Amino acid sequence: MQSIRQNHLPDALPDFRNLGVISRILLSVNALALLFAVARSREIGEFAVKVTEIAGSLEPVLLAAVVVLYAVSPLLERLDYVQGLAAVFAIVLAASAALFPLQTYIGGSDEFRDLAWNLLCSASATAVVAWYFHLRNRAFSPAISEARLQALQARIRPHFLFNSLNAVLSLIRKDPKRAEGALEDLAELFRTVMADNRQLVALRDEVSLCRQYLNLEQLRLGERLRVEWRLDPAADDGLVPPMFLQPLVENAVYHGIEPGIEPGLIEVRVERRSDRLWLQLTNPYHPDYQHRQGNHMALANIRERLQLHFDVEASLNTRIADGRYEIGIAMPYRTGP
Amino acid sequence: MSPIRVVIVDDEQPARNRLRELLEDCRSDLPHAVAGEAANGVQGLQLVAAADADVVLVDIHMPEMSGIEFARHLQVLERPPAVIFVTAHDRYAIEAFEVNAVDYLTKPVRAVRLLTALKKAASGARLSRGVLESIDPAPRRHFSVAERGRVTLVPVSEVIYLMAELKYLTLRTREREHLVEESLTQVEQEFSGVFVRVHRNCLVARRLIRGFERGVETEGEVGWSVVLEGLEEKLPVSRRQWPQVKSLGSGK
C-alpha cells in the first residue's frame, strides 16, 4: 500500500503464476535462442542444425526454471526487487547447473560441453528477460494512471449528476430526510470516484458502491428500475479493480432502463468457482437506442484495466441473448495480504 | 387576460414535482395554471390538445419519444403551444438550441430562468418545424395526424405505403388510411432506410415487399407491380424506379 502516492509503480518481479507472464518468458527466451542460432550460422543449412542443438540444451533448463519459479512465486513476492532478482538468477543458474550432466548425457552440441559457458548463456538470457519485464513495468505504470484519468472521465455521466441533483432538489421541501440520505449517497459515490483508484479493492466494497449508485437512480426512476443481486458470499473478499462494476451498472441503467416506459430488470450475478471469479450483468436490450454514445468507451476502458491488472487471465465478453444485453467477466480470484 | 395554461412532460416523477414547485414560485410574477403533467410524449400530446395548453415544458431525454419528436408532432395542431425544452445534460441538443435561438432550461432549473422563459413564451414566441428538424435530424418514430383537434400518432413501423395526392399524403396502414400534411420527398429523405420509392407519387415499406407481378398492360407496355405484405392491392412500379427496386423482394 505504500506505493499509492508514487507516480511510477516501483520495480517488481512479474507474477510467475500468471499465464501471460509465463508465455512471455517462454517466447522471449526462445526468440533469443533463434537470434543466437542465426548469429552462429554461416549458411542457411547450418541454421536448422544449430536451432535443434540449442533447443536440446535450452528447453529442459527453461522449463525447469519456469516450474521452479511458479512453485516459489509466493516466497519471491515477500522479497524486495533486488533480492528477488538475485533469487531468480540463483534459481536459473541452479537449474542450469543441475541439468548440466544431462547435456553430456544426451550428447548435445560441442558448444554446450562447458559448464561455465552454459551458465553464462543462462545468466545473459535471464538478464535480457528481466530487463524486458523492467521496461514493460515502466511502460505500463504511466498507462495505469492514464487509464485511471480516462476512467475518471468516463465513469459518472454528467447526465447522472445533474439528474440526481434535480431529484434531490425535488425532495428537499417535502421529504428532507430522504433528501439527506440521497446527498450522503452522492457524496460517498464521488469520494470513491475522486480517490486514487490504482489499487485493487474487495468485491464487497465495489458492490456496496453500486448499491449507493442504484439508490440514487431509484430515486428518479422509481418502479421503472428493478435490480436483482445474486451474490456469492465466497466471492466477497475477492480483489477487483476499483470502479469496474459501477460504470457497467450505470450503462445498464442508461441503455437498458431509461429508454423503456415499462419497468426493466438489471440482474447482477457473482460466483466464485475455486480460484476464478465470474460476474454476469444483464439488462433489457433496446435495439432502437443503440445510437446513444458512451457504451463502447466504458467497455474498452474496463477491458484495459482488467488487462493491466490480470493480463490474459481476465476476460470481458458481451452478447445479446433473449432480448437482453449481457456482459460476462472472468478474472482470477485473489485476496488481499 | 386569462392565466396561461402550462403542461409538464417528463418521464421522471421527481423532475415533474420539481417543475411544479418552481412554477408555484413564479406564480406571483406571472399568473398561470398547470393544466396537467404527462410521463411521456404520447400522453403529453393528448394532454396538450385536450387542455388547449399555451406552454409546454418538455424533457428532451425520454423513452419512446424524445422531447424533440414530441415538439414536432405538436406542430400539426391548429394552435401549437410554445415549447420550452428542459434537459439535464445534452451537449449536442444545447448547441443546436443556441444556434437556433430555441428556449431551453438546464436541470436543475432555476426559478428565475423559468420565469424568463415563461414570459417569452407567453408573448407568443413559436417554433418552426424546420428548426426542430435541424436540431434533431434523426427519423421520427411516428407520423402525426391532426384529427378533430386531437393528434393521432401512426407508428412509422405500421405504415405500408405513402401516396402523394395534391398537397397531402395518404398514409396506408393495415387498418385504415390517414391524411398527413407532408411532402413525399422529405419523407423519403428522412426515412431512406425504411421506405423506397416505387413510383413518382409512391413510397412503400422496404421490409414488407414480398415480390413483384406482371401488371396490366398500359400504353402498349406491360409494367410490374409490387406485392406488399398485409395489402391486397398491387401498386404499380414505374419504369424509372424498376432497376432500383427489382432486387428488393428477392430472397425473402
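Residues numbered from 1 in each chain as written. Chains lettered and ligands numbered in written order. Predicted model: local features only at pLDDT ≥ 70, side-chain atom pairs only at ≥ 80, totals over all residues.

A. The overall build of chain A, seen in detail. When helices and strands are counted, chain A shows 10 helices and 7 strands. In chain A, which comprises 337 residues, the share counted as buried stands at 29%. Contacts spanning at least 24 positions in sequence make up 75% of the contacts within chain A whose residues lie at least 6 apart. (Helix = DSSP H or I, 4+ residues; strand = E, 2+ residues; numbered from the N terminus. Buried ≥ 20, exposed ≤ 12 C-beta atoms within 10 Å, placed from the backbone. Contact = placed C-beta atoms within 7 Å.)

B. Structural context of the overall build of chain B. Helix and strand counts for chain B come out as 8 helices and 15 strands. Per-residue burial for chain B yields a buried fraction of 35% across its 252 residues. Nonlocal contacts in chain B, meaning residues at least 24 apart in sequence, comprise 56% of its contacts between residues at least 6 apart.

C. Layout of the interface of chain A and chain B. Tallying the contact residues gives 19 residues for chain A and 14 residues for chain B. Contributions of two or more residues to the side of chain A that touches chain B are made by helix H6 (158–172) and helix H8 (203–221) of chain A. It is H6 of chain A that contributes the most residues to the side of chain A that touches chain B, 10 residues altogether. Taken together, the residues of the side of chain A that touches chain B break down into 10 nonpolar, 6 polar and 3 charged. (Nonpolar A, V, L, I, M, F, W, Y, C, P; charged D, E, K, R; others polar.)

D. Helix H3 (residues 67–74) of chain B, seen in detail. Counting buried positions along H3 of chain B yields 8 of 8 residues, so the element is predominantly enclosed. Within H3 of chain B, burial applies to Gly 67, Ile 68, Glu 69, Phe 70, Ala 71, Arg 72, His 73 and Leu 74 of chain B.

E. Examining the confidence of the model for chain B more closely. The pLDDT averaged across chain B works out to 87; a share of 95% of its residues lies at or above 70. For this predicted complex, the interface confidence comes out at an ipTM of 0.78, alongside a pTM of 0.73. (pLDDT = per-residue confidence, 0-100.)

F. Here's a closer look at the packing of H8 of chain A against helix H9 (residues 246–257) of chain A. Residues and elements named next belong to chain A. For the pair H8 and H9, the least separation of the axes is 9 Å and the interaxial angle reads 20°. On the basis of the axis angle, H8 is roughly parallel to H9. Handedness of the crossing formed by H8 with H9: right-handed. Residues Leu 209, Cys 210, Tyr 213, Leu 214, Glu 217 and Leu 221 of H8 pack against Gln 246, Val 249, Glu 250, Val 253 and Ile 257 of H9. When grouped by side-chain class, the residues that make up the contact of H8 with H9 number 8 nonpolar, 1 polar and 2 charged. (Axes fitted to C-alpha atoms, helices over the stretch in contact; angles between N-to-C directions. Parallel < 35°, antiparallel > 145°, perpendicular 65-115°, else oblique. Left-handed = near helix turned anticlockwise from the far one by under 90°.)

G. Structural detail: the pairing of strand S4 (residues 264–273) of chain A. Residue and element names in this part refer to chain A. Here 6 bridges tie strand S2 (residues 225–230) to S4, and the two strands are oriented parallel to one another. Residue Trp 229 lies in a different strand from S4, and its bridge partner there is Val 268. Of the pairings in the sheet, the one linking S4 to strand S5 (residues 276–284) comprises 7 bridges and is antiparallel in character. Directly across from Glu 271, in S5, lies its bridge partner Trp 278. (Pairing = 2+ DSSP bridges.)

H. Highlighting the nonpolar core. Within the largest apolar cluster, 43 residues are counted, with the highest numbers of intra-cluster contacts made by Val 56, Val 58, Val 83 and Ile 84 of chain B. Residue contributions to this core peak at 5 residues, all from strand S4 (residues 82–87) of chain B. Leu 248, Val 253, Leu 277 and Leu 281 of chain A belong to the second-largest nonpolar core, a separate cluster that totals 42 residues. (Core = buried A, V, L, I, M, F, W, Y, C linked by C-beta atoms within 7 Å.)

I. Inspection of the domain arrangement of chain B at higher detail. What the domain assignment reports for chain B is domain 1 (4–135) and domain 2 (159–245). For domain 1 of chain B and domain 2 of chain B, the distance between their C-alpha centroids amounts to 37 Å. (Domains from an automatic or database assignment.)

J. Structural context of the sheet that holds S4 of chain B. All names here are of chain B. Overall, parallel pairing links the 5 strands, which are arranged S2-S1-S3-S4-S5 in an open sheet. Sheet topology places strand S2 (32–38) and strand S5 (104–106) at the edges, where each strand pairs with a single neighbour. Pairwise comparison of adjacent strand axes, ignoring direction, gives a mean angle of 20° for this sheet. Direction of pairing for strand S1 (residues 4–9) relative to S2: parallel, over a ladder of 6 bridges. Bridge pairing in S2 places Val 7 opposite Gly 36. Docked against the sheet, helix H2 (residues 41–51) engages S1, S2 and strand S3 (55–59), running at close to 170° with respect to S1.

K. Spotlight on the sheet that holds strand S6 (residues 315–321) of chain A. Residue and element names in this part refer to chain A. On the basis of which strands lie adjacent, the open sheet formed by 5 strands has the order S2-S4-S5-S7-S6 and mixed pairing. Bordering the open sheet on either side are S2 and S6, each of which pairs with just one other strand. Going across the sheet, the axis of each strand differs from the next one's by a mean of 15°, ignoring polarity.

L. Local environment of the environment of Gln 218 of chain A. Residue and element names in this part refer to chain A. Along the chain, Gln 218 falls in helix H8. A residue is classified by how many C-beta atoms lie within 10 Å of it, and Gln 218, with 18 of them, is partly exposed. Along the backbone, Gln 218 and Ser 164 are 54 residues apart, and their C-alpha atoms lie at a distance of 9.9 Å.

M. Expanded view of the domain arrangement of chain A. Split into domains, chain A comes out as domain 1 (19–144) and domain 2 (156–332). One C-alpha centre belongs to domain 1 of chain A, the other to domain 2 of chain A, and the line joining them spans 44 Å.

N. Representation of unusual backbone geometry within the structure. Residues and elements named next belong to chain B. Between Lys 107 and the following residue, Pro 108, the backbone shows a cis peptide bond with an omega angle of -5°. Residue placement: Pro 108 occurs in the loop between S5 and helix H5 (111–122). Phi at Asp 52 takes a positive value of approximately 50°, unusual for a residue other than glycine. Along the chain, the position of Asp 52 falls in the loop between H2 and S3. Although it is not a glycine, Glu 64 adopts a positive phi angle of roughly 70°. Turning to its location among the elements, Glu 64 is positioned in the loop between S3 and H3. Judged by C-beta crowding, with 16 C-beta atoms within 10 Å, Glu 64 ranks as partly exposed.

O. The arrangement of the packing of H6 of chain A against H8 of chain A in detail. All names here are of chain A. Interaxial distance between H6 and H8 falls to 9 Å at its minimum, and their mutual angle equals 65°. Between H6 and H8 lies a crossing whose hand is left-handed. Across the interface between the two elements, Asn 163, Ser 164 and Ala 167 of H6 pack against Leu 216, Leu 219 and Arg 220 of H8.

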